[in-house]
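Report on the structure
Next come the chains, spelled out residue by residue.
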Amino acid sequence: MKKILITGGAGFIGSHVVRLFVNKYPEVEIFNLDKLTYAGNLENLSDIDSKPNYHFVKGDIVDAPFINALFEREQFDGVIHLAAESHVDRSIANPMEFIFTNVVGTVNLLNAAKSIWQGHYEGHRFYHISTDEVYGALGDTGAFKETTPYSPHSPYSASKASSDHFVRAYHDTYGLPTVISNCSNNYGPNQFPEKLIPLFINNIKHNKSLPVYGKGINVRDWLYVEDHARAIDLIFHQGKTGETYNIGGNNEWRNIDLIKKLIEIMDRKLGRPEGTSLQLITYVTDRAGHDLRYAIDATKLRTELGWEPTIKFAEGFEQTVDWYLSHEEWLNNVTSGSYQEYYHKMYGE
Ligand code: NAD
Ligand code: DAU
């Protein structure tokens, strides 16, 4: 492939995927298409943005004429689609944005790819990045397999489930060469501090309360973001067309245990007496429709493509805390809104 479009490349996971592809495939032109919503931040890519094979395009995947014109002009060989509204709490407050971006935006991209490839699918691929949340919630045992029936509970997961169905429908109906992966919770550098780990790091740092939803007994399976990016690279290049691959960390934590571990690390790094920040824990009203437990069975990805997580949680978690503590300016910029000014300075509007 000569030209690959990555959508949502200025966001958390997308920026790690763009960096990996730009550095690993210098002969391939990598286009990062991003609307730069509150979650998109070009600062995430400042280390690679002058590379000759990197191109940034500001645009909205909901805007079909714009998307069609972009595909016509650039004739992308492959698409890796990460752009989305990604935060469950925001989806509860404002579902429509999730339907526009996650459902309509995905179908616009499918239409544009179908239109330029016109049935000549050799050497082309449309890779849709999805989430384990489409499978719903687990009880105390078991893990999601690729064959687990969909049962989304939040507007976010319902919109992602819907987009997954459209991707499969375009494969089954038009033969579009698609592939999908469903991943568990990612953690690592550059995650917007509305999500649990960076939010709580920031709050502990500023001695602000830590709002634990419900009893803190919900379980998530955490994967270091660079391991997810490696899986995406592998699936994009070696995954079977029409297939779905689950990606997970095999690393389940109850929220309250994860938060206590985070407090232990933060107190040590901030030079506070052990346990000081435990007093910040505040139990608040539970998230509506809060899924109790997610766990991923990634056997297919391991046995078929040889992928396994490489970063041990103890190591990745410490590195993550170090990254946020040493990137105070990044945190201040995204939390104060001044990164928006940065964007306006760079691109006008
Ligand atoms: P994010 O919110 O950090 O980034 C999303 C990016 O998409 C941002 O850069 C934003 O500007 C861009 N975007 C949003 N709406 C757009 C639009 N209409 N047009 C163009 N760009 C738009 O999200 P993330 O956490 O990096 O997640 C990326 C993808 O991975 C999403 O599809 C998400 O569903 C999926 N996913 C995330 C996780 C996780 O733990 N974060 C786990 C599994 C799957
Ligand atoms: O499982 C994959 C999904 O992981 C992705 O598809 C989503 O894009 C991503 O946001 C994430 O969803 P979660 O809802 O699991 O992540 P979040 O960081 O919002 O919350 C993690 C857990 O922590 C969840 O059980 C809710 C809880 N929580 C979260 C916040 C923000 C709290 O207790 N308090 C909080 O303030």
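To continue, consider the nonpolar core. Judged by nonpolar contacts, the single largest core of 37 residues is most densely connected at Ile6, Phe21, Ile80, Tyr127 and Ile247. Going through the elements one at a time, strand E1 (3-7), helix H1 (12-24), strand E3 (54-58), strand E5 (125-131), strand E6 (178-183), helix H7 (225-238), strand E10 (244-247) and helix H9 (299-305) are the ones with two or more residues in this core. A per-element tally of this core places H7 first, with 7 residues. Look past the residues within four positions of Phe21 in its chain and what remains in contact with it is Ile4, Ile6, Ile30, Asn53, Ile80, Asp233, Phe236 and His237. By size, the runner-up hydrophobic cluster in this structure holds 28 residues, among which are Ile263, Met266, Trp330 and Leu331.

Across the 6 residues that make up E6, a large majority, 6, are buried. Where burial is concerned, the two faces of E6 agree: the one with Thr178, Ile180 and Asn182 and the one with Val179, Ser181 and Cys183 are both buried. Pairing analysis gives 6 bridges linking E5 to E6, with the strands arranged parallel. Along E6, the bridge assignment pairs Phe126 with Thr178. Assessed by its sense of winding, the connection that carries the chain from E5 through helix H5 (residues 155-174) to E6 is right-handed. Note: E6 against E10, 4 bridges, orientation parallel. Across the sheet, Asn182 pairs through a bridge with Asn246, a residue of E10.

Moving on to the pattern of salt bridges. This structure, assessed with the given rule, holds 18 salt bridges. Two residues, Asp297 and Lys145, come together in a salt bridge whose shortest N-O distance is 2.8 Å. In this pair, Asp297 is assigned in the loop between strand E12 (281-284) and H9 and Lys145 in the loop between E5 and H5, connecting sequence segments 152 residues apart. Judged by relative accessible area, Asp297 falls into the buried class, the value being 19%. Judged by relative accessible area, Lys145 falls into the partly exposed class, the value being 42%. Glu264 is paired through a salt bridge with Lys261; the nearest N and O atoms lie 3.2 Å apart. Taken together, the residues Glu264 and Lys261, both in helix H8 (residues 255-270) and 3 residues apart, mark about one turn of the helix.

What counts, and where the lines are drawn
Within each chain, residue numbers correspond to sequence positions counted from 1 in written order. Labels are handed out in written order, letters beginning with A for the chains and numbers beginning with 1 for the ligands. It should be noted that, the model being predicted, local features are given only for residues of pLDDT at least 70 and side-chain atom pairs only at 80 or more, the latter also being counted only at that level, while totals for whole chains, interfaces and linings use all residues. Heavy atoms from the whole structure form the basis of all side-chain values; hydrogens and water molecules are not counted. Throughout this description, the term nonpolar core refers to a set of buried Ala, Val, Leu, Ile, Met, Phe, Trp, Tyr and Cys residues connected via side-chain atoms within 4.5 Å. In this scheme, a residue with accessible area under 20% of its type's maximum is buried, one over 50% is exposed, and one in between is partly exposed, where area comes from a 1.4 Å probe on protein chains only. Secondary structure is summarised from DSSP: a helix means a run of H or I of at least four residues, a strand means a run of E of at least two, and numbering begins at the N terminus for each. Contact criterion: two residues are considered in contact whenever any of their non-hydrogen atoms come within 4.5 Å of each other. Each pair of strands is called paired provided DSSP finds at least two bridges between the two strands. With the strands aimed away from the viewer, a crossover counts as right-handed if its path from the first strand over the helix to the second runs clockwise. One speaks of a salt bridge when a side-chain nitrogen belonging to Lys or Arg is within 4 Å of a carboxyl oxygen belonging to Asp or Glu.

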